[in-house]
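A look at the structure
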Amino acid sequence: MKLTNQKFDVESPMILYKAEANAIVAVVLDVIDNFGISAESGTFMLWGIKNGEYPARRLISFDFGRGPTYNFYYSGLYSHAVAEDTLVLDAGNEHGCMSRHSAISYYIDTPPFLRLWAEYGRFTCAFYVGSGHYDDMACVYCAVVQAFALMCEEDEVLQNSCDEIFYIETRKYPGIYDVRSYVKELFKKCELPELAAWKHWRERSDRSSLKQLFFE
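Conventions adopted
Residues numbered from 1 in each chain as written. Predicted model: local features only at pLDDT ≥ 70, side-chain atom pairs only at ≥ 80, totals over all residues. Heavy atoms only, no water. Helix = DSSP H or I, 4+ residues; strand = E, 2+ residues; numbered from the N terminus. Buried < 20%, exposed > 50% of the residue type's maximum accessible area, 1.4 Å probe, protein only. Expected span 1.5 Å × (residues − 1). Arc of directions from axis to C-beta. Contact = heavy atoms within 4.5 Å. Polar contact = N/O pair within 3.5 Å; in protein donor to acceptor, adjacent residues only side chain to side chain. Axes fitted to C-alpha atoms, helices over the stretch in contact; angles between N-to-C directions. Parallel < 35°, antiparallel > 145°, perpendicular 65-115°, else oblique. Left-handed = near helix turned anticlockwise from the far one by under 90°. Nonpolar A, V, L, I, M, F, W, Y, C, P; charged D, E, K, R; others polar. Pairing = 2+ DSSP bridges.

Positive phi, normally seen in glycine, also occurs at Asn 5, with a value near 55 degrees. One non-glycine residue with positive phi stands out, namely Tyr 74, at about 55 degrees. When you line up the elements, Tyr 74 lands in the loop between β3 (57-64) and α2 (79-91). What makes Tyr 74 exposed here is its relative accessible area of 79%.

Let's shift gears to helix α4 (residues 156-172). Each α-helix winds once per 3.6 residues, and so residues spaced three or four apart point in a common direction. Compared with the 24 Å implied by 1.5 Å per residue over 17 residues, the 25 Å span of α4 between its first and last C-alpha is a close match. The set of residues buried in α4 consists of Leu 158, Ser 161, Cys 162, Ile 165, Phe 166 and Glu 169. Looking straight down α4, one finds its buried side chains confined to an arc of 125 degrees; they lie on one side. Facing away from the buried side of α4 by over 90 degrees, the exposed positions are Glu 156, Asn 160, Tyr 167 and Arg 171. The secondary structure elements touched by the buried residues of α4 are β4 (103-105), β5 (113-117), α3 (134-151) and α5 (177-189). Residue Asp 155 occupies the N-cap position of α4, its side-chain oxygen lying 3.1 Å from the main-chain nitrogen of Val 157.

With that settled, the discussion passes to α3. Relative to the 26 Å expected for 18 residues at 1.5 Å per residue, α3 spans 26 Å between its end C-alpha atoms, a close match to the ideal helical length. The element α3 is largely enclosed, with a buried count of 16 among its 18 residues.

Bringing the packing of helix α1 (residues 18-34) against α5 into the picture now. The geometry of α1 relative to α5 is characterised by a closest axis approach of 11 Å and an angle of 125 degrees between their N-to-C directions. By the angle between their axes, α1 is oblique relative to α5. Where α1 crosses over α5, the two elements pack in a sense that is right-handed. For the pair α1 and α5, contact is made by Val 27, Asp 30, Val 31 and Asn 34 and by Tyr 182, Val 183, Leu 186 and Phe 187, respectively. The residue makeup of the contact of α1 with α5, split by class, is six nonpolar, one polar and one charged.

The sheet built from six strands is open, its strands ordered β1-β3-β2-β6-β5-β4 with antiparallel pairing. For this open sheet the edge positions go to β1 (3-8) and β4, each flanked by a neighbour on one side alone. Taken pair by pair, the neighbouring strands of this sheet meet at an average axis angle of 15 degrees, ignoring direction. Sheet analysis places β1 next to β3, joined by four bridges and oriented antiparallel. Residue Thr 4 lies in a different strand from β3, and its bridge partner there is Asp 63. Of the strands in this sheet, β2 (42-50), β3, β5 and β6 (121-129) touch α2, which is tilted by about 20 degrees from β2. Where α3 meets the sheet, its contacts fall on β2, β4, β5 and β6, and the angle it forms with β6 comes to roughly 145 degrees.

Don't take any of this as a statement about function, it's just geometry.
Written as structure tokens, this is what we have:
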């Protein structure tokens, strides 16, 4: 699948290492291919916000082959701009302890986006392609959620967040659980080159010198 305008920011201060970022992108693209999601044009964007810090770290962004989708969500804007505006809006919200709920969420006049809490921060993600079908967004967001949960099993907040999102989304569409099983199988087999590389990186002998939790 052809990607354009790719940008990665996985340097210090580390929230996401390059091996982890590559694994997330590989899972997203594989799920798009295997769950029949049309992504000829549009945008994927993943940010990280460490607790108590601002601005957000722009971790991953890219557009699909034909570039960003114009007039996405009837906004008069390209999908890349809509994604950035949506994630900026959420990054500016402090989200006190009582409102830290992981979900596929939205604000007034924004498309749905992912908010995923971990112990020391949160990830936000926008997947805006084509005409913006919710089922397609939910499928990719849930793939991202499960991938993060498998990449950091030590983070109890992240594990609970994963369960919370799948519980909510499965009640809307039971078939979304297939995404969870599929991503688990991807990590179990590690046949995708990026997942094999991530597994090798994860098992390095000097692993103890690296961060154990995201945002740590």
